[in-house]
Amino acid sequence: MIVLLGGEKGGTGKTTLATNLAVLRASFGKDVLIVDTDRQESASSWCYVREADNITPRISSVLKFGAGVRNELRELKSKYDDIIVDSGGRDSVELRSAMLTADVAIIPMRATQFDLWTISRLSKLVDEVIQVNEGLRVCLMINAASTNPSVKEAEEAEEYLSTFTNLRMLKTIVKERIAFHKAAAEGLSITELVPNDSKAADEITQLYEEIFNEI
Ligand SMILES: Nc1ncnc2c1ncn2[C@@H]1O[C@H](COP(=O)(O)OP(=O)(O)OP(=O)(O)O)[C@@H](O)[C@H]1O
Ligand SMILES: [Mg+2]
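Anyway, here's the lowdown on the structure attached to this text.

**Considerations on the packing of helix α1 (residues 14-27) against helix α2 (residues 42-52)**
Angle between the axes and distance between the axes: these two values describe a pair of packed helices.
Argument step 1. Between α1 and α2, the shortest axis-to-axis distance is 9 Å and the interhelical angle comes to 40 degrees. The pairing of α1 with α2 is recorded here as oblique in orientation. Considering how the two elements wind past one another, α1 and α2 form a crossing that is right-handed. The segment α1 lies against α2, with Thr15, Ala18 and Thr19 engaging Ser42, Ala43 and Trp46.
Argument step 2. Residues belonging to the contact of α1 with α2 are distributed by class as follows: 3 nonpolar, 3 polar and no charged.

Laid out in structure tokens, this is it:
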């Protein structure tokens, strides 16, 4: 399966979620490749740290840029069980190209108005892409939501987002947890950094289940 982490907004957690999902998928014995289409090369840098520290499971990564991403992904699909594509935080050639081949596009967003404003444009883009890639499932999810129970931004955002009928809303909400920063710096996933009973690990595992087994 080709899972794209995308969106038109920067800093929403695409690379964080791509790397975390890749580790979980690989830990279930799947041969996973990260395709990094972002010139910041964040996902690739995370893979290099992992490689340098001999952390297993090994996660391979390649950098791919330009309109050829679509065909490159098509070729790579037969060589791996799953491909996780990390795209940059804007409407780019790479985002559009990857959307034409992906099976699932996950659009993480923070529950802020600035993030929400990008969704009507994204919804229009999805309408265009689906003309070509009919099977594409595009899912929105709230990442880095407040852990303060009195802050209702995530629920309010979910209500607004449910009005876009060509976009699905994932049930899982990943909350803001500082441990994600440490995991990223060490080339780890949150499930490797913290014990299984941590809330952050639980949320990522729930997200993984929802993406790979439920949608
Ligand atoms: N659930 C979370 N809790 C706390 N911090 C988070 C969470 N998700 C992401 N972050 C942090 O937010 C910052 C941005 O995350 P990340 O780099 O994954 O976003 P991105 O969408 O890939 O950004 P870009 O658009 O620049 O590629 C990082 O410092 C990351 O550690
Ligand atoms: Mg990124």
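There is more to say after this.
**A word on α1**
Count 3.6 residues to each turn of an α-helix, and residues three or four apart come out pointing the same way.
Argument step 1. Under the 1.5 Å per step criterion, the end-to-end length of α1 is 20 Å for 14 residues, consistent within 8% with the ideal 20 Å.
Argument step 2. Of all 14 residues that make up α1, 13 are buried, and the element is covered over most of its length.
Argument step 3. Gly29 sits one or two residues past α1 and shows a positive phi near 85 degrees.

**Notes on the site of ligand 1**
Argument step 1. Around ligand 1 there are 20 residues in total, and Gly10, Lys14, Thr15, Thr16 and Gly89 lie nearest to it.
Argument step 2. Contributing elements (two or more residues each) for the shell around ligand 1: α1, β6 (137-145) and α8 (179-185).
Argument step 3. Of the residues contributing to the shell around ligand 1, the split by class is 4 nonpolar, 12 polar and 4 charged.

**Focus on the pairing of strand β5 (residues 104-109)**
Residues in a regular strand point their side chains to alternate faces of the sheet.
Argument step 1. Burial within β5 is extensive, with 5 of its 6 residues counted as buried.
Argument step 2. For strand β1 (residues 2-5) and β5, the ladder comprises 3 bridges, and the chain directions are parallel. Across the sheet, residue Leu5 finds its bridge partner in β5, namely Ile106.
Argument step 3. Taken together, the 6 bridges between β5 and β6 define a ladder with parallel strand orientation. Following the sheet pairing, Pro108 is matched in β6 by Met141.

Cut-offs and rules
Residues numbered from 1 in each chain as written. Chains lettered and ligands numbered in written order. Predicted model: local features only at pLDDT ≥ 70, side-chain atom pairs only at ≥ 80, totals over all residues. Axes fitted to C-alpha atoms, helices over the stretch in contact; angles between N-to-C directions. Helix = DSSP H or I, 4+ residues; strand = E, 2+ residues; numbered from the N terminus. Parallel < 35°, antiparallel > 145°, perpendicular 65-115°, else oblique. Left-handed = near helix turned anticlockwise from the far one by under 90°. Contact = placed C-beta atoms within 7 Å. Nonpolar A, V, L, I, M, F, W, Y, C, P; charged D, E, K, R; others polar. Expected span 1.5 Å × (residues − 1). Buried ≥ 20, exposed ≤ 12 C-beta atoms within 10 Å, placed from the backbone. Near = placed C-beta within 6 Å. Pairing = 2+ DSSP bridges.

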